[in-house]
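These are the residues of each chain, in order.
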Amino acid sequence: MKKTFLFLFVVITTTIFAQNKLTIESGNLSFLKGQTEVNVERNYGSPLFQADNFTETEYIERRHKETVAKKGEEAWKKWIDTWEQHVETIWTEKFIEGLNRSKKIKFAQNLETKYTLIIQPKWMYAGWSGFVTQPGKLTAEITIVETANPSKILAKFIGDKIEGVGSKVDYSMEYGRIAAAYEKTGKEFGKELKKALK
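What counts, and where the lines are drawn
Residues numbered from 1 in each chain as written. Predicted model: local features only at pLDDT ≥ 70, side-chain atom pairs only at ≥ 80, totals over all residues. Heavy atoms only, no water. Buried < 20%, exposed > 50% of the residue type's maximum accessible area, 1.4 Å probe, protein only. Helix = DSSP H or I, 4+ residues; strand = E, 2+ residues; numbered from the N terminus. Expected span 1.5 Å × (residues − 1). Bend = angle between axes of the 7 residues up to and from the residue. Contact = heavy atoms within 4.5 Å. Phe/Tyr/Trp six-rings, centres within 6.5 Å; stacked < 30°, edge-to-face > 60°. Lys NZ or Arg CZ within 6 Å of the ring centre and 35° of its normal.

S.K.: Help me understand unusual backbone geometry, please; the structure alone is not making it clear to me.
M.R.: The general pattern is negative phi for most residues beyond glycine and trans for most peptide bonds. In the Ramachandran plot, Gln50 falls in the positive-phi region, its phi being about 70° despite a non-glycine side chain. Under the relative-accessibility criterion, Gln50 is labelled buried at 17%. Unlike most non-glycine residues, Lys161 shows phi in positive territory, near 55°. In this fold, Lys161 is placed in strand S8 (residues 149-163).

S.K.: For this particular structure, what's the right way to read helix H3 (residues 73-99)?
M.R.: Because each turn of an α-helix spans 3.6 residues, side chains separated by three or four positions end up pointing in the same direction. The end-to-end C-alpha distance of H3, which contains 27 residues, comes to 37 Å, matching closely the 39 Å that a straight helix rising 1.5 Å per residue would cover. If you look at H3, its biggest bend is around 55°, right at His86.

S.K.: Explain the side chain of Arg63 to me, please; I cannot follow it from the model alone.
M.R.: With respect to the helices, strands and loops of the structure, Arg63 is situated in helix H2 (residues 56-71). Taking the relative accessible area as the measure of exposure, Arg63 reaches 16% and is therefore buried. Among all residues touching Arg63, those that are not within four sequence positions of it are Trp76, Trp79, Met173 and Glu174.

S.K.: Please clarify how the packing of aromatic side chains should be interpreted in this entry.
M.R.: The geometry of two aromatic rings is summed up by the distance between their centres and the angle between their planes. The final tally for this structure, using the stated rule, is 12 aromatic pairs. Each ring, one from Phe49 and one from Tyr59, has its centre 5.3 Å from the other, and the planes form 15°; the classification is stacked. Highlighted residues: Phe49 in strand S3 (residues 48-49) and Tyr59 in helix H2, separated in sequence by 10 residues. Its relative accessible area of 1% is what places Phe49 among the buried residues. On the basis of an interplanar angle of 15° and a centroid distance of 5.1 Å, the ring pair of Trp79 and Trp83 is categorised as stacked. Placement of the pair is Trp79 and Trp83 together in helix H3, with a separation of four residues, close to one helical turn. Like Trp79, the residue Trp83 is buried in the burial classification. Put simply, the rings of Phe49, Tyr59, Trp76, Trp79, Trp83, Trp91, Tyr175 and Tyr182 pair up and form one aromatic cluster. In this structure, Lys161 packs its charged tip against the face of Trp123, placed 5.4 Å from the ring centre.

So, in structure tokens, the structure goes:
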């Protein structure tokens, strides 16, 4: 009976979150032919979290209550410090790491280049670890603009619930699982870049 419920739970969860793809909303990447470097910026905005679409403040408040109740204030301080590191730097770094797997163009922050790629997370799902692991997921908007004229959008992609798998991160913590989703999103964009630059 337990196995049946577990199977149904996995099927339902998979069905709900089974997008896991990158799609082109507008433009294409052909203009990047001949480029060797592209600048990367993060526009964090106000992403939502979990199936309930919590704001980040709501998500953190819930996580605070859970952590303090189970492990105390010291554990919470460690958690929130690590979370903030991921928000500020690590998630973007993992995305760039995924981008650079394509080896076609170097992507990095703070470059003086003709084009800038901007990633804006729209929704994140923390997943869980245990006997059955549910990967973290990321929905993000990726745009490429002219650096000198950011209002000129040359290409726009949407990563829809990209699952964070195949990454060297701490899957036991949600910020690690989300980091994996950032890296996978970068890899998926890299695949599109390879197609465009053939």
